[in-house]
Amino acid sequence: MVIRPFRPRVAALFLGWTMASSVYAIAFSVADHQVPIPEVPPHKHSEPRPNPDASGIYHAGDGVTGPKLISSVVPEFSSKARKRKLSGSITLQLIVGTDGHVEKVQVIRSAADDFTDKKDRAAARTLDQKAIEAAGQYRFQPGTFQGRPVPAETPIKMNFQIF
């Protein structure tokens, strides 16, 4: 009999549980200790955007490489969303500076967009705030243009699930 060492390839971070023993978590994959990369939705622009735009921000394409995630933080599940047992996804637009730090975070699609009940929408908005807090701590390899770092935008999608 050959005994092989156990090497976990998937991990989940458990953030808490209720008195009813229901466990809530935000799950993420870790393959060989690599940083999990959030899903990046495709751009919905029909025509190319100028590089840089009027505010000095570059956009991937036309010789510009977008920022690459090197360090991420798992967002906390808000207590209001946990109490209402809500799940959802948030799409954020990040502006990454030449030093790789996030300079600006904007919600493109809120978790509240999927709910009609006022209390559910209010609780879902707390997930948006948790996503913004976590994204502000991300670190990137900055976007480049002609071999030099430039401020660039990148979209990020965060999913909150109840387990």
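As a reminder, the structure under discussion sits directly above these lines.
Not measured: the values here are computed from a predicted model.

1. Quick word on helix 2 (residues 118-135)
In step 1: Here helix 2 spans 26 Å end to end across 18 residues, near enough to the 26 Å set by a 1.5 Å rise per residue.
In step 2: Turning to helix 2, its buried residues are D120, A123, A124, T126, L127, D128, A131, A134 and A135.
In step 3: If you follow the buried residues of helix 2, they end up packed against helix 1 (79-83), strand 5 (88-96), strand 6 (102-109) and strand 10 (152-160).
In step 4: Among the residues of helix 2, the N-terminal cap falls to D117, whose side-chain oxygen and the backbone nitrogen of K119 are separated by 3.2 Å.

2. Remarks on the sheet that holds strand 3 (residues 64-65)
In step 1: What the three strands build is an open sheet, ordered 3-8-9; its pairing is antiparallel. At either margin of the open sheet sits one strand with a lone partner, and together these are strand 3 and strand 9 (148-150).
In step 2: Relative to strand 8 (residues 143-145), strand 3 is paired through two bridges, and the arrangement is antiparallel. Across the sheet, the residue bridging to T65 is T144, located in strand 8.

3. What about the nonpolar core?
In step 1: F140 and M158 are the most contacted members of the largest nonpolar core, which totals 23 residues.
In step 2: Elements that contribute at least two residues to this core include exactly strand 5, helix 2 and strand 10.
In step 3: For this core, the element with the highest residue contribution is helix 2, accounting for six residues.
In step 4: Setting aside anything within four residues of it in sequence, one finds M158 in contact with P75, G88, S89, I90, L92, A131, A134, A135 and Y138.
In step 5: Within the second largest apolar cluster, five residues are counted, among which are Y58, F145, V150 and A152.

4. Observations regarding the sheet that holds strand 5
Strand pairs in the sheet, formed through backbone hydrogen bonds, run parallel or antiparallel to each other.
In step 1: Spatially, the three strands line up as an open sheet ordered 6-5-10, and their pairing is antiparallel. Whereas interior strands pair on both sides, the edge strands pair on one side only; in this sheet they are strand 6 and strand 10. Neighbour-to-neighbour, the strand axes of the sheet open up by a mean angle of 30°, direction not taken into account.
In step 2: Where strand 5 meets strand 10, nine bridges bridge the pair, whose relative direction is antiparallel. Its bridge partner being in strand 10, L94 is matched across the sheet by T154.
In step 3: Of the strands in this sheet, strand 5, strand 6 and strand 10 touch helix 2, which is tilted by about 35° from strand 5.

What counts, and where the lines are drawn
Residues numbered from 1 in each chain as written. Predicted model: local features only at pLDDT ≥ 70, side-chain atom pairs only at ≥ 80, totals over all residues. Heavy atoms only, no water. Helix = DSSP H or I, 4+ residues; strand = E, 2+ residues; numbered from the N terminus. Expected span 1.5 Å × (residues − 1). Buried < 20%, exposed > 50% of the residue type's maximum accessible area, 1.4 Å probe, protein only. Contact = heavy atoms within 4.5 Å. Polar contact = N/O pair within 3.5 Å; in protein donor to acceptor, adjacent residues only side chain to side chain. Pairing = 2+ DSSP bridges. Core = buried A, V, L, I, M, F, W, Y, C linked by side-chain atoms within 4.5 Å. Axes fitted to C-alpha atoms, helices over the stretch in contact; angles between N-to-C directions.

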